[in-house]
Amino acid sequence: VSSASPSTTTIFGPVDDAFQNVNEELLTYLITDYQWRLHLMNLLGFHMVGRALDSNEIVPGFSTENLVDEQIIVAASPEGDALLNSAAKIVESTSAANGVLHTIDSLLEPMWFSRNIRQSLEGESERFSTLISLGDRVDSFVNMVSSSEPYTLFAPTNDAFKNAGMDVVNNLDTEYIQEVLGYHIVPGIFTSSDLMEMTELDTSSGDKLTVAMNQRSFTINGQLILQTNMLANNGIIHVLDGLLMSDVLGDRDDLEDCSYMQVVEENLGISFGVQCTCNVVFGGAVELVCRESDTSETCSPKYGQCERNLDCCSSPRRRCVAGQCRDSGGGLRVRIGEGHGGAAARARERDRGDNDGETSSP
């Protein structure tokens, strides 16, 4: 604003009365609370254009991009006046050495200004419909994402839930959903700049998340953040490509099943060229997921008929079914626990008794 460069900026400056209808609590946060600084910068940038615009240019049909990469569109009012974003009318224009100030009678509101976290997710339901459906079943989650208190939400995409086996919403236990979702919401606003300076975050449920930065990418508990700094009027959203569930697993009795992983691998005959991890899937079960490794060994597989899964080890996605090697999909999944109580003993007995390398269906 105080730059000495000539004719570089246009500011659309709302008069004092333009703030009368603004949510008072939100306005107080923006003015006084440092954690809202990104929201405040966005609101100011929404009213600025990176070049000088003469009033003669700002006529119905004109549009331009502001400093936060959003559009300011000029339309005609019923009286024929030029309206910016269907809301604000220019009441005065003043030229300065470094640009132009157009005084307007109403605030130009960015989309987040009228959307809380819940409504922001709804605005991109093609990415977050599973999170919305799951969240609606947990009152505490709904209250937080709709609250006037600020929160940071790490929002898994639909694909993230699908990959974790949590896309069949009706099959999931509400208590388990609450446990998982509570792990994704943090009191307060933490921008990407804040995350750069942090190694841990405390969730709403009292758990800790591990923050790391790899080159220019952030991870939370090892899950990649696909998009940062989606603003809402009660906080901020960061988009995840996976679920933050490692500590949820760590609190579960079923985790002992994961130490049993190698036995399961050997009995399945998939020790060659695969990597296995434990996931929590629908209903709270623990599932062993095996995928192709970067350092595969040779096992001379048969490509047609088979007697055991080891004969199909050309890919961890193939298994022996009815004497034929068949593709099982995105990875070989083996249920080794059920719900919060688990079924570890039954899994161990079943797999230890499977001496010929076959395994029963989960």
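Residues numbered from 1 in each chain as written. Predicted model: local features only at pLDDT ≥ 70, side-chain atom pairs only at ≥ 80, totals over all residues. Heavy atoms only, no water.

## Topic: empty space enclosed by the protein
To find leftover empty space, a probe the size of one water molecule is rolled over the atoms.
Here is step 1: Applying the stated criterion across every chain yields a total of one cavity of 30 Å³ or more.
Here is step 2: Empty space within the largest cavity amounts to approximately 30 Å³.
Here is step 3: Taken together, Arg 118, Leu 121, Leu 131, Ile 132, Gly 135, Asp 136, Phe 141, Val 142 and Val 145 make up the full set of residues lining the largest cavity.
Here is step 4: For the lining of the largest cavity, the secondary-structure elements that each account for two or more residues are helix H3 (117-122), helix H4 (125-135) and helix H5 (139-146).
Here is step 5: Per-class residue counts for the lining of the largest cavity are six nonpolar, one polar and two charged. (1 Å grid on protein atoms, 1.4 Å probe; cavity = no way out; pocket = protein on both sides within 12 Å on 5 of 7 lines; lining within 4 Å. Points joined across faces, edges and corners; volume = space filled by probe spheres on them. Helix = DSSP H or I, 4+ residues; strand = E, 2+ residues; numbered from the N terminus. Nonpolar A, V, L, I, M, F, W, Y, C, P; charged D, E, K, R; others polar.)

## Regarding the confidence of the model for the protein chain
Here is step 1: Averaged over all residues, the pLDDT of the protein chain is 76; the fraction at 70 or higher stands at 65%.
Here is step 2: Low pLDDT (under 50) marks residues 246-276, which in the prediction has 92 contacts with non-local residues, meaning those over four places away or in another chain.
Here is step 3: Ignoring residues within four places in sequence, the model shows residues 292-303, a span with pLDDT below 50, making 22 contacts including any to other chains. (pLDDT = per-residue confidence, 0-100. Contact = heavy atoms within 4.5 Å.)

## Things to note about the layout of surface pockets
Here is step 1: Taken as a whole, the largest pocket spans an internal volume of roughly 370 Å³.
Here is step 2: Taken together, 14 residues make up the lining of the largest pocket; nearest its centre are Glu 70, Met 111, Trp 112, Met 230 and Leu 231.
Here is step 3: When residues of the lining of the largest pocket are assigned to their parent elements, the largest contribution, four residues, is made by strand E13 (residues 223-232).

## Some thoughts on the side chain of Thr 157
Here is step 1: Within the secondary structure, Thr 157 sits in the loop between strand E8 (151-156) and helix H6 (158-163).
Here is step 2: You can call Thr 157 buried: its relative accessible area is 11%.
Here is step 3: Ignoring sequence-local partners within four residues, the contact set of Thr 157 consists of Arg 127, Phe 128, Leu 226, Val 239 and Leu 240. (Buried < 20%, exposed > 50% of the residue type's maximum accessible area, 1.4 Å probe, protein only.)

## Here we look at the packing of aromatic side chains
Here is step 1: If you walk through the whole model with that rule in mind, you get two aromatic pairs.
Here is step 2: Taking the centre distance of 5.0 Å and the plane angle of 10° together, the rings of Tyr 29 and Trp 36 count as stacked. An identical accessibility class is assigned to Tyr 29 and Trp 36; each is buried. (Phe/Tyr/Trp six-rings, centres within 6.5 Å; stacked < 30°, edge-to-face > 60°.)

## Topic: unusual backbone geometry
Backbone phi values are negative for most residues with the exception of glycine, while trans is the configuration of most peptide bonds.
Here is step 1: Here Asp 69, not a glycine, exhibits a phi torsion of approximately 65°, which is positive.
Here is step 2: Judged by relative accessible area, Asp 69 falls into the exposed class, the value being 57%.
Here is step 3: Of note, the phi angle at Asn 85 is positive, near 50°, even though the residue is not glycine.
Here is step 4: Among the structural elements, Asn 85 can be located in the loop between strand E5 (82-84) and strand E6 (88-96).

## Re the sheet that holds strand E11 (residues 208-214)
Here is step 1: Taking strand neighbours across the sheet as the criterion, the seven strands line up as E9-E8-E14-E13-E12-E11-E10 in an open arrangement whose pairing is mixed. Of all strands in the sheet, those with a lone pairing partner are strand E9 (185-187) and strand E10 (200-202), marking the two edges. Ignoring strand direction, the axes of neighbouring strands in this sheet form an average angle of 30°.
Here is step 2: Along the sheet, helix H2 (residues 37-46) contacts E13 and strand E14 (235-240); its crossing angle with E13, the most-contacted strand, is approximately 60°.
Here is step 3: Docked against the sheet, H4 engages E8, E13 and E14, running at close to 105° with respect to E8. (Pairing = 2+ DSSP bridges. Axes fitted to C-alpha atoms, helices over the stretch in contact; angles between N-to-C directions.)

## Notes on the sheet that holds E6
Strands belonging to one sheet form pairs held by backbone hydrogen bonds; the direction of such a pair is parallel or antiparallel.
Here is step 1: Taken in spatial order, the seven strands make up an open sheet running E2-E1-E7-E6-E5-E4-E3, and their pairing is mixed. Either end of the sheet is taken by a strand with one partner, and the two such strands are strand E2 (48-49) and strand E3 (63-65).
Here is step 2: Pairing of strand E1 (residues 9-14) with strand E7 (residues 99-104) involves six bridges; the strand directions are parallel. Bridge pairing links Thr 10 to Val 100 in E7.

## Examining the nonpolar core
Here is step 1: If you look at the biggest cluster of nonpolar residues, it comprises 28 residues, and the most contacted ones within it are Ile 117, Leu 121, Leu 131, Leu 153 and Met 166.
Here is step 2: Counting only elements with at least two residues in this core, the list comes to H3, H4, H5, E8, H6, helix H7 (174-182), E13 and E14.
Here is step 3: With residues near it in sequence (within four places) discarded, Ile 117 still touches Val 145, Tyr 151, Leu 153, Ala 232, Asn 234, Gly 235, Ile 236 and Ile 237. (Core = buried A, V, L, I, M, F, W, Y, C linked by side-chain atoms within 4.5 Å.)

## Quick notes on the pattern of salt bridges
Here is step 1: Under the criterion given, the structure shown has eight salt bridges.
Here is step 2: Between Glu 122 and Arg 118 there is a salt bridge, and its shortest N-O distance comes to 2.2 Å. Taken together, the residues Glu 122 and Arg 118, both in helix H3 and four residues apart, mark about one turn of the helix.
Here is step 3: Residue classification places Glu 122 among the partly exposed positions, given a relative accessible area of 41%.
Here is step 4: We classify Arg 118 as buried; its relative accessible area is 15%.
Here is step 5: With a closest N to O distance of 2.6 Å, Lys 208 and Asp 202 form a salt bridge.
Here is step 6: Among the residues examined, Lys 208 registers a relative accessible area of 40% and is labelled partly exposed.
Here is step 7: Residues participating in the shared-partner salt-bridge network are Arg 118, Glu 122 and Asp 136. (Salt bridge = Lys/Arg side-chain N within 4 Å of Asp/Glu carboxyl O.)

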